[in-house]
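# Reading the structure
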Amino acid sequence: MSVSIKTKKGMNVAAYRRGSGRGLVYFLTVPFYNALQYRELIRVVLGRELYQRFRASYFGWIWAVATPLLMLLVFTAVSTNILKIGGDTEINFALSMFIGLLYFNLFAELLNRAPLLLSEHVNFIKKSIFPSEILAWTSMLRSLTYAGIGFVVYLAFQLYIVGIIPLTALLLPFILLPLFLFLLGMVWFFSALGAFTRDISFMVAAVMPIFIFVTPVFYSVIGQPLEVQLTTYINPLAPYVEMTREILLLGRLPDLMTFLIAWGVAVVVFYGGYSFFMRFRSVAVDVI
Amino acid sequence: MSSDWMIRCTNVGKAYQIYAVYDHRLMQMLFGRFKKFYQDFWVLRDISFEVKRGECVGVMGRNGAGKTTLLQLICGITEPSHGEILTRGRIAPVLALGSAFDLDLTGRENVLVGGAVLGLKRARILKLMNSIQEFSGIGEFFDRPVKFYSSGMAARLAFSICAHVDADILIIDEALAVGDEAFQEKCLKFIDDFRAKGTVFFVSHSVKQIRALCSRVIWIENGGVREIGDPKQITEKYQKALMQEKDDSARFHIGN
């Protein structure tokens, strides 16, 4: 009982004792340990957000399924009837466009919200002892729920139209995992930055539409000239879109180099974002 | 110094950063190590005190004296600019009651959120739910969205949640001002009982409440401790000082 803690947090003594032995292992595990420790809180805050999204409307979850389905149908109709690409490729074109859009939407939704994340929860942060770093988790899990529904709709659609989902689709978790890490890191980074100036939020909103064209949503990187390939790969989303297309649509293993680069970038962004957020967290409280 | 303290503040000071231009915040964040873009605004300076187990300490002071900042520092919501604050055990803050409620959720659902924020496990909250409902005394409104509550009802609900947290230190910020007499009575009784197992830190403008509850009073003025001591003596002096000083807007000023 005679454990004294600095008033970082009145509630979690253990976390702070852990913090005294700072090493590489601590650095690598602390973001996950932290999320695990607050899992109950993450669940409640997430539940509250999903409630606002789904239960406040008449059809609730139906919208979440109808939106991607409608989009898939429109894509298919456009690529078969208007673009007239011909043969097998047209349905592939529609499906691959949908995969691109799915990732873009996930990315855009998260990043558009990130700069305002802290001021959105200002009452929690200023009026109670609230670990604001969990907001990145809840905000990501919320967006993942929508993206997940989109994914399921997509897979069902592919199964129905094409009749097959290749075995390589089982590799999907290995591609999604680095994506989650990458997104979490980005949200931490932009939410800390966004607390200091509203311009970050406007900047993200201004830059985001560019991403839809830089990300290979409407085209594929493969088969493009080298310069296009290079510029696209600077975009952090592109590798995920390409790799997912390969394993889901073409039944091929993803390019190993692309895979490793994606993981590398994700890990750096994740730990960088977390450290950045934790460093500026206490200062951010005073300015939001 | 004794060793059975629950809260210990040593030379605590807090300066907020006042920016002339809004975007200097970003500049400070990026280039802060080269140049200072803000003006310091000292809310608290050099505060030192100790609170022991079983004590109920009242905090008095005029608006803007730094009472809420002191509570936020003790809770660890914001960090002191200098000095050290040590606390023992779990803190339950009853700061600005009900402001964190989600208006679209029902009282019951808000209890789940609020309880989780205060660190209660879901199973524990569900177990306490009936007791919380009863303590709040808002009847059928418990299952209505909070947007239909009166401010008194919201305060009742908020206090009821905090009353059910197994805390060692209870921090109360002018929370009881909104409730009606009957509810205030209930809360005061709760706080009194709470002292048997924990420590209470209590901000109020009500001399009556402070005298009834507190074993010690800290009088804060212009960010510093003006006096610490017996509730009766201090409240008398405080009231006398108020009468003399009147309400003068020159009290609020930024800078040194």
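Quick caveat, the model's predicted, so the values are computed rather than measured.

Counting secondary structure elements, chain B contains 8 helices and 9 strands. Against the 2.2 N^0.38 benchmark of 18 Å for 256 residues, chain B shows a C-alpha radius of gyration of 20 Å, consistent with a compact globule. Across its three principal axes, chain B shows a C-alpha extent of roughly 55 × 45 × 40 Å. By residue count, 53% of the 256 residues in chain B fall in the buried class. Side-chain charges in chain B split into 34 positive and 30 negative, and the spacing between the mean points of these groups amounts to 2 Å.

Let us now look at the interface of chain B and chain A. Tallying the contact residues gives 43 residues for chain B and 40 residues for chain A. Summing both sides of the interface, chain B and chain A together bury roughly 3800 Å²; the carbon and sulfur share of this comes to 60%. Looking only at chain B, the three residues that lose the most surface to chain A are Met29(B), Ile77(B) and Val117(B), adding up to 17% of its buried area. Between the two partners, chain B and chain A, sit 1 salt bridge. Here Lys14(B) and Asp286(A) are joined by a salt bridge, their closest N and O atoms 2.7 Å apart. Where chain B packs against chain A, one counts 4 residue pairs in polar contact (both at pLDDT 80 or more). Listing elements by their share of the side of chain B that touches chain A, those giving two or more residues are β1 (5–18), α1 (24–31), α2 (67–75), β4 (82–87), β5 (91–94) and α3 (107–117) of chain B. By residue number, the principal contributor to the side of chain B that touches chain A is α3(B), which donates 5 residues. When its residues are assigned to classes, the side of chain B that touches chain A shows 22 nonpolar, 7 polar and 14 charged.

As a further point, take the packing of helix α8 (residues 134–161) of chain A against helix α12 (residues 238–250) of chain A. In the contact formed by α8(A) and α12(A), the axes pass within 12 Å of each other and the chain directions differ by 35 degrees. Along its contact with α8(A), which presents Phe151(A), Tyr154(A), Leu155(A) and Gln158(A), the element α12(A) presents Thr244(A), Leu248(A) and Leu249(A).

Nonpolar side chains collect at one region of the surface, where Tyr58(A), Phe59(A), Ile62(A) and Trp63(A) lie side by side and expose about 580 Å² of accessible area between them. When its relative accessible area of 84% is taken as the criterion, Tyr58(A) is described as exposed.

Each packed pair of helices is defined by two parameters, the angle between the axes and the distance between the axes. Residues and elements named next belong to chain B. Direction vectors running N to C along helix α4 (residues 122–136) and helix α6 (residues 181–194) enclose 130 degrees, while the axes themselves pass 11 Å from each other. Regarding the angle of α4 to α6, the classification is oblique. On α6, the residues that touch Glu134, Phe135 and Ser136 of α4 are Phe183, Lys186 and Phe190. Taken together, the residues that form the contact of α4 with α6 break down as 3 nonpolar, 1 polar and 2 charged.

A separate point is the state of the cysteines. Residues and elements named next belong to chain B. Per the stated rule, a full pass over the model turns up 0 disulfides over all chains. Left without a disulfide partner, Cys75 is nearest to the cysteine sulfur of Cys162, which lies 10 Å away. Its sulfur unpaired, Cys187 is 10 Å from the next cysteine sulfur, which belongs to Cys162.

Turning next to helix α8 (residues 231–245) of chain B. Residue and element names in this part refer to chain B. For α8, which comprises 15 residues, the first-to-last C-alpha distance of 21 Å matches the rise-based estimate of 21 Å (1.5 Å per residue) to within 8%. Every buried residue of α8 is listed here: Pro231, Ile234, Thr235, Tyr238 and Ala241. Around the axis of α8, the buried residues are gathered within 125 degrees of arc, so they sit on the same side. Away from the buried face of α8 by more than 90 degrees, exposed residues Gln233, Lys240, Met243 and Gln244 are located. Where α8 is buried, its residues touch β3 (56–60), α7 (207–213), β8 (216–221) and β9 (224–229).

All names here are of chain B. Spatially, β5-β6-β7-β3-β8-β9 is the arrangement adopted by the 6 strands of the open sheet, whose pairing is mixed. Of all strands in the sheet, those with a lone pairing partner are β5 and β9, marking the two edges. In this sheet, neighbouring strand axes are inclined to one another by 15 degrees on average, regardless of whether the strands run parallel or antiparallel. Note: β3 against β8, 4 bridges, orientation parallel. By the bridge assignment, Met60 is partnered in β8 with Trp219. Sitting on the sheet, α2 touches β3, β5, β6 (169–173), β7 (199–203) and β8, and the angle it makes with β6 is about 155 degrees. Strand contacts of α6: β6 and β7, with the helix running at about 140 degrees to β7, the strand carrying the most contacts.

All names here are of chain B. Residue placement: Leu103 occurs in the loop between β5 and α3. Residues Leu103 and Val12, spaced 91 residues apart in sequence, show a C-alpha to C-alpha distance of 36 Å. With sequence-adjacent residues up to four places away left out, Leu103 is seen in contact with Pro145, Val146 and Lys147.

In this structure, Phe107(A), Phe130(A), Tyr240(A), Ile7(B), Phe49(B) and Phe201(B) are the most contacted members of the largest nonpolar core, which totals 126 residues. At 16 residues, helix α9 (residues 172–196) of chain A tops the list of elements feeding residues into this core. Contact partners of Phe130(A), with chain neighbours within four places excluded, come to Leu41(A), Val45(A), Phe124(A), Ile125(A), Leu135(A) and Val117(B). Met60(B), Val111(B), Leu118(B) and Leu157(B) belong to the second largest nonpolar core, which has 47 residues in total.

Definitions and limits used
Residues numbered from 1 in each chain as written. Chains lettered and ligands numbered in written order. Predicted model: local features only at pLDDT ≥ 70, side-chain atom pairs only at ≥ 80, totals over all residues. Heavy atoms only, no water. Helix = DSSP H or I, 4+ residues; strand = E, 2+ residues; numbered from the N terminus. Rg over C-alpha atoms; globule rule 2.2 N^0.38 Å. Buried < 20%, exposed > 50% of the residue type's maximum accessible area, 1.4 Å probe, protein only. Lys, Arg positive; Asp, Glu negative; His and termini not counted. Charge placed at Lys NZ, Arg CZ, Asp CG, Glu CD. Contact = heavy atoms within 4.5 Å. Buried area = accessible area lost by both parts, 1.4 Å probe. Salt bridge = Lys/Arg side-chain N within 4 Å of Asp/Glu carboxyl O. Polar contact = N/O pair within 3.5 Å; in protein donor to acceptor, adjacent residues only side chain to side chain. Nonpolar A, V, L, I, M, F, W, Y, C, P; charged D, E, K, R; others polar. Axes fitted to C-alpha atoms, helices over the stretch in contact; angles between N-to-C directions. Patch = residues over 30% accessible without salt bridge, like charges linked within 9 Å, V, L, I, M, F, W, Y side chains within 5 Å. Areas by Shrake-Rupley, 256 points an atom, 1.4 Å probe, with all protein chains shown as cover. Parallel < 35°, antiparallel > 145°, perpendicular 65-115°, else oblique. Disulfide = S-S within 2.5 Å. Expected span 1.5 Å × (residues − 1). Arc of directions from axis to C-beta. Pairing = 2+ DSSP bridges. Core = buried A, V, L, I, M, F, W, Y, C linked by side-chain atoms within 4.5 Å.

The values are spatial; any link to function lies outside them.
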